[in-house]
Amino acid sequence: MIEDGGPRADVATRPSIPHQRAGSRHRYVAQPQAPRRGTVFRTALLAALAVLLIAPASAIAFVTVRHERATVMAGQGLAGAAGHDAAGRPNARNGGVQSGPPDATPGARPASLDGLVRQALQDQAAALLAGDRDGFLRQVDPGAAGLRDDLARRFGSLQQLHVKVWQPTVEGKAKADAGGTASATVMIKYCFVVPSCDPMSLEAPTRWKVAGAAVTLLEFGTSKDLGPRPWEVSDLRTAVGDRVVMSTTAKYASRLPSMLAAAEKAAALTDTFARWGAPPARYVVYLAGPDEWSSWYGIRQEAWVAGFALPLTASATEIVLNAARVDTKQTLDVLRHEFTHVVTLAGVEKAYDHTWWLVEGIAEYVRVKGGGKPFDGLGDVRTYVRSGHWKGEIALDDPDAGATTADVSGRYGVAYLSLQHLADRFGEDRLLDFFDYAARQGLPLDAAAQKAFSMGWTDVESDCARYVRGRI
């Protein structure tokens, strides 16, 4: 989001990567994990969207990181209905899931340690989905009072979020430890409000007390990857709309109605740009106070950053806004841009090397279109072009380390103006085809331009450069 009237900055935030100063380069980082028995690996996007609002606003940066994430195979004792539609049919979008262990006999008590742990998780999941607080806490060992309080808070927050799917799966097998205890890593897939979403997921460590043919929970950790999630550590209040779920702590709950209304307006626009697949069942947005801002997802943000978004899978993204920086008016503008990233990049398991200008340009294109007003960043573009830092190139990469805030904002403006010109000249459908070929499929720009516009990239770029210069 680029507006006249204030300084500009750009921030990259990466999970497990130190926060970078304004103007730093957004690099693509591979984070491989060693294969583990019983898991299926896939390459998924891990991205952060940093939104900065500084007197009154500045650029939005979308940073993509390639990351190897472990996903447990379906059918290991899953609870919930994520694999079925409203009529109970298998959901083609997520392939469907089984509702119990494949080797379980209905009504039979498990005989193995692994079976006991799985059954306890299944019972806990069933209680959560039924709204049964006592049943959810029944699996906690009587001596683990701290865990009982923690899980009671999680139960309340998940109920506020209208949890509809809760699918716990033990990765591998539960491991017997010394002293009559056992440990297990649990994969949880979850959906809020509707049972047919593309489920979000996390892995968490657990520890159990083993007493004969019974197991009880001693510890239930927070997400090992991008954790803790907001509902794991905070007492949440939630507002649910037709397209957006927005949640925050009690201190900021009074903001939810107006901010949700703004988010719903943003979603109504960005849903129309979900041409490569259905839009998310619900956009999930959290509003963080100062304490939560520095702890949720394990990502420490500067106080002046307004928000970030994290895809938890290739298709499921959660968004965090900074309560100290985002009001109702800014929510609408920020989420038009941010939700555009969600719908235009969902399902793409690749890094966006050399297509920064397209990823940010399309989000700005939708933001400006949704506002129904002329582009508000021509002053930034004018400053950037006249500084001599722009050589007429349109396919801009993300800003180099040490780039000035004026250069950062100017680059956003060049990206937006170029895409707007392509839409004006060739039509929005062909613009989106070009985005698909170049940003989503990764075709070279010349090949993408030939397919979308029936002309080479050199001619397209020259035309866009003339347009940019003509606007300033």
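Going by the structure above, here's the rest.
Residues numbered from 1 in each chain as written. Predicted model: local features only at pLDDT ≥ 70, side-chain atom pairs only at ≥ 80, totals over all residues. Heavy atoms only, no water.

A. Molecular detail of the state of the cysteines. Considering all chains together, one arrives at 1 disulfide under this definition. Across the disulfide from C191 sits C197; the S-S distance is 1.9 Å. Judged by the sign of its S-S torsion, about -90°, the cystine formed by C191 and C197 is left-handed. (Disulfide = S-S within 2.5 Å.)

B. Inspection of helix α9 (residues 378–386) at higher detail. Of all the positions in α9, only L378, D380, V381, Y384 and V385 are classed as buried. The arc that holds the buried residues of α9, viewed along the axis, is 155°, so those residues lie on one side. Buried residues belonging to α9 abut α10 (405–426) and α13 (457–471). After α9 finishes, the residue G388 shows a positive phi value of roughly 85°. (Buried < 20%, exposed > 50% of the residue type's maximum accessible area, 1.4 Å probe, protein only. Helix = DSSP H or I, 4+ residues; strand = E, 2+ residues; numbered from the N terminus. Arc of directions from axis to C-beta. Contact = heavy atoms within 4.5 Å.)

C. Representation of the pairing of strand β8 (residues 236–240) in the model. Where β8 and strand β9 (residues 244–249) come together, 5 bridges link them in antiparallel fashion. Each residue of the ladder has a partner; that of T238, found in β9, is S247. (Pairing = 2+ DSSP bridges.)

D. Broad picture of the pairing of strand β3 (residues 163–170). Among the 8 residues of β3, 7 are classified as buried, and the element is accordingly described as predominantly covered. Sheet analysis places β3 next to strand β5 (residues 181–192), joined by 7 bridges and oriented antiparallel. The residue bridging W166 from the neighbouring strand is Y190, located in β5.

E. Main features of the environment of P205. Relative to the assigned elements, P205 resides in strand β6 (residues 200–211). Assessed through its relative accessible area of 36%, P205 is described here as partly exposed. Taking the C-alpha atoms as reference points, P205 and F220, separated by 15 residues in sequence, lie 6.2 Å from one another. Non-local contacts of P205, meaning those with residues more than four positions away in its chain, are made with A184, E219, F220, G221, T222 and K224.

F. Representation of the packing of helix α7 (residues 328–345) against helix α8 (residues 356–371) within the structure. Relative to each other, α7 and α8 sit at 130°, their axes nearing to 8 Å. It follows from the interaxial angle that α7 and α8 lie oblique. By crossing handedness, the relation of α7 to α8 is classed as right-handed. Residues D333, R336, H337, T340, H341, T344 and L345 of α7 form the contact with α8, whose own contacting residues are V359, E360, I362, A363, E364, V366, R367, G370 and G371. (Axes fitted to C-alpha atoms, helices over the stretch in contact; angles between N-to-C directions. Parallel < 35°, antiparallel > 145°, perpendicular 65-115°, else oblique. Left-handed = near helix turned anticlockwise from the far one by under 90°.)

G. Examining the nonpolar core more closely. W357 and F434 are the most contacted members of the largest nonpolar core, which totals 78 residues. With 10 residues, the single largest contributor to this core is α10. Beyond its immediate chain neighbours, meaning those up to four positions away, F434 contacts W357, L358, L422, A439, L445, A448, A449, A452, F453 and W457. In this structure, A127, A184, V186 and A204 belong to the second largest nonpolar core, which totals 56 residues. (Core = buried A, V, L, I, M, F, W, Y, C linked by side-chain atoms within 4.5 Å.)

H. Summary view of the packing of aromatic side chains. Applying the stated criterion across every chain yields a total of 18 aromatic pairs. Measuring from centroid to centroid gives 5.5 Å for W293 and F308, while their planes differ by 50°, and the two rings are tilted. Taken together, the positions of W293 in helix α6 (residues 290–293) and F308 in strand β11 (residues 305–311) put the pair 15 residues apart, joining distant regions of the chain. Looking at W293, the relative accessible area reads 4%, which means it is buried. Taking the centre distance of 6.0 Å and the plane angle of 10° together, the rings of F434 and W457 count as stacked. One end of the pair, F434, is in helix α11 (residues 428–440); the other, W457, is in helix α13, with 23 residues separating them in the sequence. There is no split in this pair, since F434 and W457 are both buried. Cluster of aromatic residues (ring-pair linked, three or more members): W357, F426, F434, F453 and W457. (Phe/Tyr/Trp six-rings, centres within 6.5 Å; stacked < 30°, edge-to-face > 60°.)

I. Fine view of helix α3 (residues 145–160). Here α3 is 16 residues long and its end C-alpha atoms lie 23 Å apart, about the 22 Å a rise of 1.5 Å per residue gives. Phi turns positive one or two residues past the end of α3, at H162, with a value near 60°. (Expected span 1.5 Å × (residues − 1).)

J. Spotlight on the packing of α10 against α13. The contact between α10 and α13 brings their axes to 9 Å, and the two run at 110°. With respect to α13, the axis of α10 lies roughly perpendicular. The two elements α10 and α13 cross, and the hand of that crossing is right-handed. Mapping the contact onto sequence places V414, L417, S418, H421, L422, D424 and R425 in α10 and V460, D463, C464, Y467, V468 and R471 in α13. Each residue belonging to the contact of α10 with α13 can be placed in one class, and the counts come to 7 nonpolar, 2 polar and 4 charged. (Nonpolar A, V, L, I, M, F, W, Y, C, P; charged D, E, K, R; others polar.)

K. Representation of the pattern of salt bridges within the structure. Applying the stated rule across the entire model yields 16 salt bridges. As a salt-bridge pair, R118 and D114 come within 2.7 Å of each other at their nearest N and O atoms. Separated by 4 residues within a single helix, R118 and D114 lie in helix α1 (residues 113–130), roughly one turn from each other. Judged on exposure class, the residue R118 and its partner D114 are both buried. D150 is the partner of R154 in a salt bridge, and the nearest nitrogen-oxygen pair spans 3.0 Å. In this pair, R154 and D150 both sit in helix α3, 4 residues apart, roughly one turn of the helix. Like R154, the residue D150 is buried in the burial classification. Taken together, the shared-partner salt bridges connect D333, R336, E364, R367 and D376 into one network. (Salt bridge = Lys/Arg side-chain N within 4 Å of Asp/Glu carboxyl O.)

Functional significance is not addressed by these values, which are geometric in nature.
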